[in-house]
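# Observations on the model geometry
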Amino acid sequence: MTVRGTGRGRRLGLTRDKVIAAAVTMIDRDGPDSFSLRKLAAELDIENMSLYSHVPNKDALLDGVAEVLLARIEFPRTDTDSGTAIGSGTNTGTGTWQDRIRAHAAAFRAAAKRHPKAFPLVLTRPTQSPAALEAIGSTLATVTELGLSPEEMVHVLRSYTAFIVGTLMRELGYALHLGTTDPDRIQQRVDDITSTGDPLLADVAPYLATSDHDVEFHYGLELLIAGLAARTGVPYDGGPSKPRPTSGLGGDSAEAAS
């Protein structure tokens, strides 16, 4: 069914940027699964076909949403930026390469937490947009002082990206795992795991049944940094203090994860 609006959107000077901004707002509010061009047209109070003057199809629009969200991430500057921040951010990278990786990962995670329903588009849609290339450049710039070969820098980049994508998809509820952040469900998860009769699973059940996203993000990132330090023969600085669990067996009191 075609939704016909009043044409007010055209009179207000609808542009591709405005269409994408409206899509971001809708997906943030309703989630990607319920998003459609028909609903977007209704939101903008225009006819369906008017959208095609700005985006050729839904896939192109979702690519645009991912690009906009990626471009908004405030990645820290590094010495290689020649005074110009990578991406749209203005943060200044300071300290060692280990500090810069932490700041870079924190910026990525902060952006995901600001857009928990829309950000999975950034993590799952392949793109070669300028924003994506700038994000790649900002990642590589954190480790230039290690003197890695170009090939190994790409391996480091892809290992880091795999960690970021995997851990954020799990935190946002888009990846399978047994842990929960709901204290009321932890004991049931423990019972379910131990009921398998596997002694190894029984040993880890209290920890496997719960999730603390802060602690797990910290652990995974420090494991990556420590491994890179060991591989390149430089000292690992030990990292910042481990985040304190907020409740239960290390889980926080946020909404239950899947």
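Residues numbered from 1 in each chain as written. Predicted model: local features only at pLDDT ≥ 70, side-chain atom pairs only at ≥ 80, totals over all residues. Heavy atoms only, no water.

Time to look at helix α8 (residues 150-171). For α8, spanning 22 residues, the distance from its first C-alpha to its last is 31 Å, which sits close to the expected 32 Å at 1.5 Å a residue. Listed as buried for α8 are Met153, Val156, Leu157, Tyr160, Phe163, Ile164, Thr167, Leu168, Met169, Arg170 and Glu171. Within two residues after α8, Gly173 carries a phi angle of roughly 90°, on the positive side. (Helix = DSSP H or I, 4+ residues; strand = E, 2+ residues; numbered from the N terminus. Expected span 1.5 Å × (residues − 1). Buried < 20%, exposed > 50% of the residue type's maximum accessible area, 1.4 Å probe, protein only.)

With that settled, the discussion passes to the side chain of Asp212. Following the sequence through the fold, Asp212 ends up in the loop between α10 (199-208) and α11 (213-232). Within the buried set, Asp212 has no salt-bridge partner at all; the shortest N-O distance to an opposite charge, 6.5 Å, is to Arg109. Of the polar contacts made by the side chain of Asp212, one reaches the backbone nitrogen of Val215; its length is 3.1 Å. (Lys, Arg positive; Asp, Glu negative; His and termini not counted. Salt bridge = Lys/Arg side-chain N within 4 Å of Asp/Glu carboxyl O. Polar contact = N/O pair within 3.5 Å; in protein donor to acceptor, adjacent residues only side chain to side chain.)

Inspection of the entire model under this criterion finds three aromatic pairs. Measuring from ring centre to ring centre gives 5.8 Å for Phe75 and Phe108, while their planes differ by 50°; the resulting arrangement is tilted. Taken together, the positions of Phe75 in the loop between α4 (58-71) and α5 (97-114) and Phe108 in helix α5 put the pair 33 residues apart, joining distant regions of the chain. Note on Phe75: relative accessible area 2%, which makes it buried. (Phe/Tyr/Trp six-rings, centres within 6.5 Å; stacked < 30°, edge-to-face > 60°.)

This part is about a nonpolar patch on the surface. A surface patch of nonpolar side chains, about 400 Å² in accessible area, is lined by Leu178, Leu200, Leu201, Val204 and Leu208. Along the polypeptide, Leu201 turns up in helix α10. (Patch = residues over 30% accessible without salt bridge, like charges linked within 9 Å, V, L, I, M, F, W, Y side chains within 5 Å. Areas by Shrake-Rupley, 256 points an atom, 1.4 Å probe, with all protein chains shown as cover.)

In this section: the packing of α4 against helix α7 (residues 130-141). Packed helix pairs are specified by the crossing angle of their axes together with the interaxial distance, meaning the distance between the axes. Two elements in contact, α4 and α7, have axes separated by 8 Å at closest approach and are oriented at 40°. Taken together, the axis directions place α4 and α7 in an arrangement best described as oblique. Our pair here, α4 against α7, has a crossing hand that is left-handed. When α4 is examined against α7, the residues Glu67, Leu70 and Ala71 are found in contact with a partner set consisting of Pro130, Ala131, Ala132 and Ala135. (Axes fitted to C-alpha atoms, helices over the stretch in contact; angles between N-to-C directions. Parallel < 35°, antiparallel > 145°, perpendicular 65-115°, else oblique. Left-handed = near helix turned anticlockwise from the far one by under 90°. Contact = heavy atoms within 4.5 Å.)

On average, residues of the protein carry a pLDDT of 85, and 83% of them reach 70 or more. Contacts of residues 82-92 to residues separated by more than four positions or lying in other chains number 23 contacts, the stretch itself having pLDDT below 50. pLDDT under 50 marks residues 247-258. Its contacts with residues more than four places away, or in other chains, come to 39 contacts. (pLDDT = per-residue confidence, 0-100.)

Attention now goes to the nonpolar core. Among the nonpolar cores identified, the biggest contains 55 residues, and Leu40, Leu61, Phe108 and Phe119 are the most heavily contacted of them. Sorting the residues of this core by element identifies α2 (16-30), α3 (37-44), α4, α5, α6 (120-124), α7, α8 and α11 as the ones contributing at least two each. What Phe119 contacts, discounting residues up to four positions off in sequence, is Leu69, Ile73, Phe108, Ala111, Ala112, Leu168 and Leu172. Counting five residues, the second largest nonpolar core, distinct from the first, contains Val190, Ile193, Ala205 and Ala209. (Core = buried A, V, L, I, M, F, W, Y, C linked by side-chain atoms within 4.5 Å.)

Quick look at the pattern of salt bridges now. All chains considered together, the criterion is met by 12 salt bridges. Across the salt bridge formed by Arg109 and Asp214, the nearest N and O atoms sit 2.8 Å from each other. One end of the pair, Arg109, is in helix α5; the other, Asp214, is in helix α11, and 105 residues separate them in sequence. For the salt bridge of Arg170 with Glu216, the shortest nitrogen-to-oxygen distance reads 2.7 Å. Of this pair, Arg170 sits in helix α8 while Glu216 sits in helix α11; the two residues are 46 residues apart in sequence, bridging distant segments of the chain. Arg170 gets classed as buried once you look at its relative accessible area, which sits at 16%. Among the ionic contacts, a cluster of salt bridges with common partners joins Asp99, Arg102, Glu222 and Asp237.

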